[in-house]
Amino acid sequence: MKKETIIALLHGPDQPGLVSKVSSWIFDRGSNIDHADQHKDPEANIFFQRVEWVPSGPIQDEADAFKAFAQNELKMQAEVALSSKKPKVALFVSKIDHCFHDIILRFKANELNGTIGCIVSNHNDLESAAALYGIPFYHTPFEGSDKQSVEAQQTAILKEHSIELVVLARYMQILSSDFLKGIHVPVINIHHSFLPAFAGGKPYHQAYTRGVKIIGATAHYATADLDEGPIIYQDVTRINHRNTISDLIRKGKDLEKSVFAHAVRLHLNNRILVYNNKTVVFD
């Protein structure tokens, strides 16, 4: 059985000896590093590191001590997590169901290090499917209601289920800046194009009209600016002049599922650092 580990994500101004100081701190406690990786942005002079280790003593005490060491002695921003922690995830969806089913089945198969706590939708089309999966479903329609009250209801749902991550499986609503600030958790969106190309609605139709030779899918953190949040993962597939819009949509759906799942996996495995609307992904 794999031992429980501590995972630390560090970033801050580059300085000599950072790797040595981190490894020495872990070694001096009799702990053992399982994996370490680092990156330096030469333009911004920022150093990034992910380090994972098996602690020698009480795991939470050592995790807390390392965070204090990183912040106080190294002057680095630090996020520390335990490998055993399985965050609760909320799945937002509208009517399109391919990413919805795919991501749920991956959680059910224990491919992803977390649990789905609830499903939230502005339509009730997938309520029966949610019941078959045994996941609480909340219908929060916008028709006949103002956006602020609906988002307040959604925020209460997330709080009730102690949600730590929201994933948007083709949720066809724009999240307000107040909602994003108020929920205090990251939000991952899947967009059906290779951003920044063809942002907004009907990207496959845009791609067909433009006559491009590749189409893509992009998973990114959601921000108040539509389709402009930090990109986590992208992939593409080739198309040609024989492909119809229906062909593009069919090929794109396969991409969307795999890109979405990979981005969620990276986040839940504590492999992403966000800075300046960009990401460093330790994959």
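So, here is what we can say about the structure in this document. (Residues numbered from 1 in each chain as written. Predicted model: local features only at pLDDT ≥ 70, side-chain atom pairs only at ≥ 80, totals over all residues. Heavy atoms only, no water.)

## Looking at the overall build of the chain
Thought 1: Each helix and strand in the chain was counted, giving eight helices and 13 strands.
Thought 2: Expected size for 283 residues packed as a compact globule is a radius of gyration near 19 Å; at 21 Å, the chain falls within 12% of this value.
Thought 3: When the backbone C-alpha atoms are referred to their principal axes, the chain occupies close to 60 × 45 × 40 Å.
Thought 4: When each of the 283 residues of the chain is scored for burial, the buried share is 47%.
Thought 5: Within the chain, contacts between residues separated by at least 24 positions form 65% of all contacts whose residues are at least 6 apart in sequence.
Thought 6: Here the chain displays about 14,200 Å² of accessible surface, and carbon together with sulfur accounts for 50% of that area. (Helix = DSSP H or I, 4+ residues; strand = E, 2+ residues; numbered from the N terminus. Rg over C-alpha atoms; globule rule 2.2 N^0.38 Å. Buried < 20%, exposed > 50% of the residue type's maximum accessible area, 1.4 Å probe, protein only. Contact = heavy atoms within 4.5 Å. Areas by Shrake-Rupley, 256 points an atom, 1.4 Å probe, with all protein chains shown as cover.)

## What about the sheet that holds strand 11 (residues 231-238)?
Thought 1: What the seven strands build is an open sheet, ordered 7-6-5-8-9-10-11; its pairing is mixed. Two strands in the sheet have a free side with no partner beyond their single neighbour: strand 7 (137-139) and strand 11. Neighbour-to-neighbour, the strand axes of this sheet turn through a mean angle of 20°, independent of strand direction.
Thought 2: Relative to strand 10 (residues 214-221), strand 9 (residues 187-191) runs antiparallel, the two sharing four bridges. Within strand 10, the residue paired with I188 across the bridge is Y221. (Pairing = 2+ DSSP bridges. Axes fitted to C-alpha atoms, helices over the stretch in contact; angles between N-to-C directions.)

## Some words on the packing of aromatic side chains
Two numbers describe a pair of aromatic rings. These are the distance of the centres and the angle of the planes.
Thought 1: For the coordinates displayed, the defined rule picks out eight aromatic pairs.
Thought 2: Ring geometry for W25 against F69: centres 5.6 Å apart, planes inclined by 25°, an arrangement best described as stacked. Here W25 is found in helix 1 (residues 18-28), whereas its partner F69 is found in helix 2 (residues 59-72), with 44 residues between them in sequence. Accessibility classification places W25 together with F69 in one group, the buried group. (Phe/Tyr/Trp six-rings, centres within 6.5 Å; stacked < 30°, edge-to-face > 60°.)

## Overview of a nonpolar patch on the surface
Thought 1: A surface patch of nonpolar side chains, amounting to about 220 Å² of accessible area, comprises F194, I214 and V236.
Thought 2: With respect to the secondary-structure elements, I214 resides in strand 10.
Thought 3: With relative accessibility at 37%, the residue I214 sits in the partly exposed group. (Patch = residues over 30% accessible without salt bridge, like charges linked within 9 Å, V, L, I, M, F, W, Y side chains within 5 Å. Salt bridge = Lys/Arg side-chain N within 4 Å of Asp/Glu carboxyl O.)

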